[in-house]
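Each chain, written out:
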Amino acid sequence: MTDSKYFTTTKKGEIFELKAELNSDKKEKKKEAVKKVIASMTVGKDVSALFPDVVNCMQTDNLELKKLVYLYLMNYAKSQPDMAIMAVNTFVKDCEDPNPLIRALAVRTMGCIRVDKITEYLCEPLRKCLKDEDPYVRKTAAVCVAKLHDINAQLVEDQGFLDTLKDLISDSNPMVVANAVAALSEIAESHPSSNLLDLNPQSINKLLTALNECTEWGQIFILDCLANYTPKDDREAQSICERVTPRLSHANSAVVLSAVKVLMKFMEMLSKDLDYYGTLLKKLAPPLVTLLSAEPELQYVALRNINLIVQKRPEILKHEMKVFFVKYNDPIYVKLEKLDIMIRLASQANIAQVLAELKEYATEVDVDFVRKAVRAIGRCAIKVEQSAERCVSTLLDLIQTKVNYVVQEAIVVIKDIFRKYPNKYESVIATLCENLDSLDEPEARAAMIWIVGEYAERIDNADELLESFLEGFHDESTQVQLQLLTAIVKLFLKKPTETQELVQQVLSLATQDSDNPDLRDRGYIYWRLLSTDPVAAKEVVLAEKPLISEETDLIEPTLLDELICYIGTLASVYHKPPSAFVEGGRGVVHKSLPPRTASSESTESPETAPAGAPSGDQPDVIPTQGDLLGDLLNLDLGPPVSGPPLATSSVQMGAVDLLGGGLDSLIGGPNFVAPSAATVPANLGASMGSGLSDLFDLTSGVGTLSGSYVAPKAVWLPAMKAKGLEISGTFTRQVGSISMDLQLTNKALQVMTDFAIQFNRNSFGLAPAAPLQIHAPLSPNQTVEISLPLNTVGSVMKMEPLNNLQVAVKNNIDVFYFSTLYPLHILFVEDGKMDRQMFLATWKDIPNENEAQFQIRDCPLNAEAVSSRLQSSNIFTVAKRNVEGQDMLYQSLKLTNGIWVLAELRIQPGNPSFTLSLKCRAPEVSQHVYQAYETILKN
């Protein structure tokens, strides 16, 4: 007998059996078979071979069987796209089934089959379902549009589904509205530039009406959508807040947080004087407190959000301190978060309560929690000055317990207390020195070394104490090594005779025996300072230290505003913007709080920068890396070169080369002569000769002299790009002096000092005529306004565009660079009025190809008003005549570097469009002179 019997079997296998059952005539058997197929699929067996047989089972009225088949289809359509097309007819048929459940099921499954081949067949059924009479089908179809958009965005736009979705926002059924909003929000996130959710007061009203009636998740979608809307004024903001407030009492915590987000955002627009503002603050506290009675995981999310809210508006929860007291059975992550909020809410009114609690926590068994509690006592001392004494005595009591980790944390915070209140609590140093041997953590050792070095003159055996640390120098962490090096240098500068050996020992350890570049560099700096100039060393090392700020762990204000817009999302738990943890940046849009409206707190929005003011959206002006690094980094940010003030700067030139040597003088070419300091002629409006009376019908005296037009301040350097320093500014020219009017705002958490400013080389040699004088340190949230005088005797280099100015500003934090455009009219000098005959001769002398023509539109002024307004900005009317009903103004102006520009301005009475012809030997300036005309005449 052969061995073939082993290869033949009567058993056909599981797949074969299932195939037979699927093709059975009995409905029950068929249903059982499909259930077996789904079970096999769920546990990971490959049952794709049964695809045609399962699809055949779709032709049934049994809803349960249909659901199972659709489930199978979703799973295998991707691997069998050609087979999946077989099912399309059934979908189309099911979308017209009398049963709305089947219609909805078909449209839901269609959206889940992510196969490109099939999508175009699904457009027609989807279009019908979006207009279905049953709301259940419409709401399912709305979500399907978002799924289809993810597969093929172009198809959805071409088929007009987005417009249909927008129409569904006005649907009578609240659930349809909620799903339409959810679908549009989802699509808008993947296309941040498209304005899909074009919200207006009417659509907002519809959303608020639907809000009361839809399910909790529908409410969240609508609230999140409302949070992206910016009301037009504070009245609209208040009316939306009033309609959203009832959601605060919802049982679902996600709805509550979404409502809080909307209210926090819109409160920004309400005036604090309004009664409603106070009412709203009171209403926000109870729901937040209620969230803390949920399970620990929810409590944690609520606490992370409350942490943000308390930083933005501490007044909401200032009376609710007790709910943040720690319970014995709270998990550690909840305890630590509560502790953080307690300190944020600590004030003179409740500090006694808080300290009693914290002292209790410091005796707990959980080491991490105890450490944080001890640190919290120190933070309270720094935050509430009146409590400092009690906090220090509490910390000393804790040091007496001799519990190692408690002692170490106490020393770390006492160092900060010394920094905040110098010459107040140094009597405790002796107690701290007793615990020197027990310190084994780098941070505590570094803090103790800092204290010994800082107060070496009060500690008799300071040199012995520091020497004891020096024995194991190479085993210490970098933090301790750096601190030890500085402390010994401080000690040497205070007691030079006794510690010479010690300082030599530490410098050689740090420089010759160390591999750490930071340590080596600091060692060499000290070595050179001490060997070349001990007096300078003393000023550097023993300099007055700035007081530390109250809360060092506050979130930076611009980031905080962004996180407030993400309350109730993962960003609010991480305390990071989505761009920091969402991969690929798709759909990540930076959000910010709405600006305060005019009726509450009038602030000028930087978006509306007027013509002539350098607005923020001029990418071509931002200097390239090469420009800046080549020039600005080499600048010495000391006091600037002072030159003669601009009022006395005027160039004496002959009549022949009246308009200067073209741009040679701009670029500092061979013929360039720096403007000399010569006095301005006493009579600015020079008298006109009488030889051209047949050509010009002259007018006598035109206008009076006043300051030239000043553009409103625009933001030049946003706080996000300058570590919290925001700079706004504009340029002015008054009575011959140019100045840069700056407004500096400190949006960081630390004090800013040591300001200096420098300009890169530029087309007209603009440079500061004096140092940037800010007499007092700039505290957090403080704004200071300064007028910086400028002159035009700096280095010259042609810029692109011509009026581009690159600026470096330094303070104690860093050096920051920005770039701005100055309006050219600040360079028009006061003696720019040309004699008539000279005007005529020069106009003829300049080649015709140097003439440029421009149109000034929408300017309803007459010739007199135009002439007067231009003269106040040093554009002088030499003559005026009337030709065929048109007023012709002939004008001249002179730039600070001696370039003359001649102009003919044609004004047709009753026509708001003027024609401006400019002639100049340096045609490059014509475009900028035209912009100056526009700016002056239209403002």
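Description of the structure in this document. Owing to the predicted nature of the structure, the values given are computational and were not obtained by experimental measurement. (Residues numbered from 1 in each chain as written. Predicted model: local features only at pLDDT ≥ 70, side-chain atom pairs only at ≥ 80, totals over all residues. Heavy atoms only, no water.)

### So, the overall build of the protein
When helices and strands are tallied, the protein shows 37 helices and 13 strands. Contacts in the protein between residues far apart in sequence, at least 24 positions, make up 69% of those at least 6 positions apart. Accessible area of the protein: about 43400 Å², with a carbon and sulfur share of 51%. (Helix = DSSP H or I, 4+ residues; strand = E, 2+ residues; numbered from the N terminus. Contact = heavy atoms within 4.5 Å. Areas by Shrake-Rupley, 256 points an atom, 1.4 Å probe, with all protein chains shown as cover.)

### Thoughts on unusual backbone geometry
For the peptide bond that leads from Glu-800 to Pro-801, omega is -5 degrees, which places it in the cis range. Relative to the helices and strands, Pro-801 is located in the loop between strand 6 (783-791) and strand 7 (804-810). Of note in the backbone geometry, Lys-723 takes a positive phi value of approximately 50 degrees without being a glycine. By secondary structure assignment, the location of Lys-723 is in the loop between strand 1 (714-717) and strand 2 (725-734). With a phi angle near 55 degrees, Asp-858 is a residue other than glycine that sits in the positive phi range. Along the chain, the position of Asp-858 falls in the loop between strand 9 (851-856) and helix 36 (863-871). Residue classification places Asp-858 among the exposed positions, given a relative accessible area of 61%. (Buried < 20%, exposed > 50% of the residue type's maximum accessible area, 1.4 Å probe, protein only.)

### Focus: the state of the cysteines
The final tally for this structure, using the stated rule, is zero disulfides. In this model Cys-391 remains outside any disulfide bridge; the closest cysteine sulfur is found in Cys-380, 5.6 Å from its own. (Disulfide = S-S within 2.5 Å.)

### Some points on the packing of helix 12 (residues 174-190) against helix 14 (residues 216-227)
Contact geometry for helix 12 and helix 14: axes closest at 8 Å, N-to-C directions at 50 degrees. Classed by the angle they form, the pair helix 12 and helix 14 counts as oblique. With respect to the hand of their crossing, helix 12 and helix 14 are arranged in left-handed fashion. The residues of helix 14 that touch helix 12, namely those facing Ala-178, Val-181 and Ala-182, are Gly-218, Phe-221, Ile-222 and Cys-225. Looking at side-chain class alone, the contact of helix 12 with helix 14 contains six nonpolar, one polar and no charged residues. (Axes fitted to C-alpha atoms, helices over the stretch in contact; angles between N-to-C directions. Parallel < 35°, antiparallel > 145°, perpendicular 65-115°, else oblique. Left-handed = near helix turned anticlockwise from the far one by under 90°. Nonpolar A, V, L, I, M, F, W, Y, C, P; charged D, E, K, R; others polar.)

### What to know about a negative patch on the surface
A surface patch of negative charge is lined by Glu-464, Glu-467, Glu-471 and Glu-501. Secondary-structure assignment places Glu-471 in the loop between helix 26 (462-470) and helix 27 (478-494). (Patch = residues over 30% accessible without salt bridge, like charges linked within 9 Å, V, L, I, M, F, W, Y side chains within 5 Å. Salt bridge = Lys/Arg side-chain N within 4 Å of Asp/Glu carboxyl O. Lys, Arg positive; Asp, Glu negative; His and termini not counted. Charge placed at Lys NZ, Arg CZ, Asp CG, Glu CD.)

### Overview of the sheet that holds strand 11 (residues 886-894)
Taken together, the five strands give an open sheet; going across it, the order is 9-13-12-11-10, and neighbouring strands pair in antiparallel fashion. Bordering the open sheet on either side are strand 9 and strand 10 (876-883), each of which pairs with just one other strand. Across the sheet, the mean angle from the axis of one strand to that of its neighbour is 20 degrees, orientation sign disregarded. Relative to strand 12 (residues 900-907), helix 35 (residues 836-845) is tilted by about 95 degrees, and along the sheet it contacts strand 9, strand 10, strand 11, strand 12 and strand 13 (914-920). Relative to the sheet, helix 36 contacts strand 10, strand 11, strand 12 and strand 13, its axis offset from that of strand 11 by approximately 5 degrees. (Pairing = 2+ DSSP bridges.)

### What to know about the packing of aromatic side chains
Considering all chains together, one arrives at twelve aromatic pairs under this definition. Measuring from centroid to centroid gives 6.2 Å for Tyr-421 and Tyr-425, while their planes differ by 85 degrees, and the two rings are edge-to-face. By relative accessible area, which is 9% here, Tyr-425 ends up buried. When the centroid spacing of 6.2 Å and the interplanar angle of 85 degrees are considered together, the rings of Trp-450 and Tyr-455 count as edge-to-face. Here Trp-450 and Tyr-455 have matching classes, each one buried. Here the aromatic cluster, defined as three or more aromatic residues joined through ring pairs, consists of Trp-716, Phe-731, Phe-818 and Tyr-822. The ring of Phe-369 carries the charged tip of Lys-335 above its face, separated from the ring centre by 5.2 Å. (Phe/Tyr/Trp six-rings, centres within 6.5 Å; stacked < 30°, edge-to-face > 60°. Lys NZ or Arg CZ within 6 Å of the ring centre and 35° of its normal.)

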